[in-house]
Amino acid sequence: RIVYVNGAYKRYAEAAIHAEDRGFQFADAVYEVMEVRGGRLVDATRHLARLNRSLGALSISAPMSNGALLHIVGEVVRRNRVRDGLVYLQVTRGAGPRNFSFPGLEIFPTLVVLARSQRLGWADELAEHGIAVKTMPDNRWGRSDIKTVMLLPAVLAKDAAHSAGAHEAWFVDQSGAITEGASSNAWIVTPGGVLVTRPLDPRILPGVTRATVKDVAAAEGLKLEERAFTLAEAIGAREAFVTSATNTVMPVVSIDARQVGDGRPGPVVRRLRSRFHELAEISIV
Ligand code: PMP
């Protein structure tokens, strides 16, 4: 397998990051994960827009133009012969003598791009039955809208969820409202058939899949309310689901071991899932 690191395509065994890279020492870095489907990129424009937003929020300079970045992404996809899978892209502030303060202008951002195959249909099989989620307090920092690699709270939350037999963790804020999943945005369908997801705020990531699912919902004529919802409302919902680039729309059939609806993926989530790739942007790379 081949990985792009700072200007060169390398075999994994030959690829290296500086020992004083600020991504490694301070999690001073941002990332993106994009779906690859049939050798094409899904929602690349929205992913690059969010990458630039994350970089801007942290005053990390963009390593190159979006066009140049897309070219590298395409090369990495081709060199790894990925038809279905994902692209992982990370930008760190760069390497320099360890110091909390930003280094001066002598620093250059580090760029890593890798691609991995994942069997098409893997997520479909999971979606047939749906997943269980487990809630826990949202103990992340106050800027979860920036896609940083500072992922330890999410790592620990996922591990706790897995230990409890669940597939995803849902974070709950101090007011008792669900913020989002450890690596997904959270949604419900009310007993009245209205889609509900939390409005964008600093506590959640502006999910690319969330944005595209809003487009799908509009195309389907579904009613959508962007507002916070509580655990109690989610358990009493008709349907629940999560969205993320790697799983698109994934039904949630139980929350904290309590069944949602009839415990099976419902019609709304199935419709959103089946239409997702018709409305997502698909680009040749
Ligand atoms: N929230 C968090 C915390 C995430 O890590 C992710 C996945 N990157 C998402 C939401 C979903 O975002 P997207 O649809 O862009 O993958």
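Residues numbered from 1 in each chain as written. Predicted model: local features only at pLDDT ≥ 70, side-chain atom pairs only at ≥ 80, totals over all residues.

Draft legend 1. Structural context of the pairing of strand E3 (residues 29-37). Sheet topology places E3 next to strand E5 (residues 85-92); eight bridges connect them, and they run antiparallel. By the bridge assignment, Ala29 is partnered in E5 with Thr92. The sheet contact formed by E3 and strand E4 (residues 40-42) spans two bridges and is antiparallel. By the bridge assignment, Val36 is partnered in E4 with Leu41. Counting the residues in the hairpin turn of E3 and E4 gives two residues, including Gly38, whose phi is positive at 60°. (Pairing = 2+ DSSP bridges. Helix = DSSP H or I, 4+ residues; strand = E, 2+ residues; numbered from the N terminus.)

Draft legend 2. Representation of the pairing of strand E9 (residues 178-181) within the structure. For strand E8 (residues 168-172) and E9, the ladder comprises two bridges, and the chain directions are antiparallel. Each residue of the ladder has a partner; that of Val172, found in E9, is Ile178.

Draft legend 3. View of the nonpolar core. Of all hydrophobic cores here, the largest spans 63 residues; its most connected members are Val87, Val133, Ala240 and Val252. No other element matches strand E14 (residues 248-255), which puts five residues into this core. Contact partners of Val252, with chain neighbours within four places excluded, come to Gly130, Ile131, Val133, Ala240, Phe241, Val242 and Val260. (Core = buried A, V, L, I, M, F, W, Y, C linked by C-beta atoms within 7 Å. Buried ≥ 20, exposed ≤ 12 C-beta atoms within 10 Å, placed from the backbone. Contact = placed C-beta atoms within 7 Å.)

Draft legend 4. Spotlight on unusual backbone geometry. Non-glycine residue Asn6 carries a positive phi angle of around 45°. Considering the arrangement of structural elements, one finds Asn6 in the loop between strand E1 (2-5) and strand E2 (8-11). A positive phi angle, near 65°, is found at Ala257, a position not held by glycine. Mapped onto the elements of the fold, Ala257 is located in the loop between E14 and strand E15 (258-259). Ala257 sits in the exposed class, given 11 other C-beta atoms within 10 Å.

Draft legend 5. The sheet that holds E3, seen in detail. An order of E2-E1-E6-E5-E3-E4-E16 is seen for the seven strands of this open sheet, with the pairing classed as antiparallel. Looking at which strands have only one partner, the edges of the open sheet turn out to be E2 and strand E16 (282-284). When strand polarity is set aside, the average angle formed by the axes of neighbouring strands in this sheet is 30°. Looking at chain direction, E1 and E2 are connected through four bridges and run antiparallel. Each residue of the ladder has a partner; that of Val5, found in E2, is Ala8. With respect to the sheet, helix H2 (residues 44-57) is in contact with E3, E4, E5 and E16, its orientation differing from that of E3 by roughly 175°. Where helix H3 (residues 66-79) meets the sheet, it contacts E1, E2, E3, E4, E5 and strand E6 (110-117), and its direction lies at approximately 35° from that of E6. (Axes fitted to C-alpha atoms, helices over the stretch in contact; angles between N-to-C directions.)

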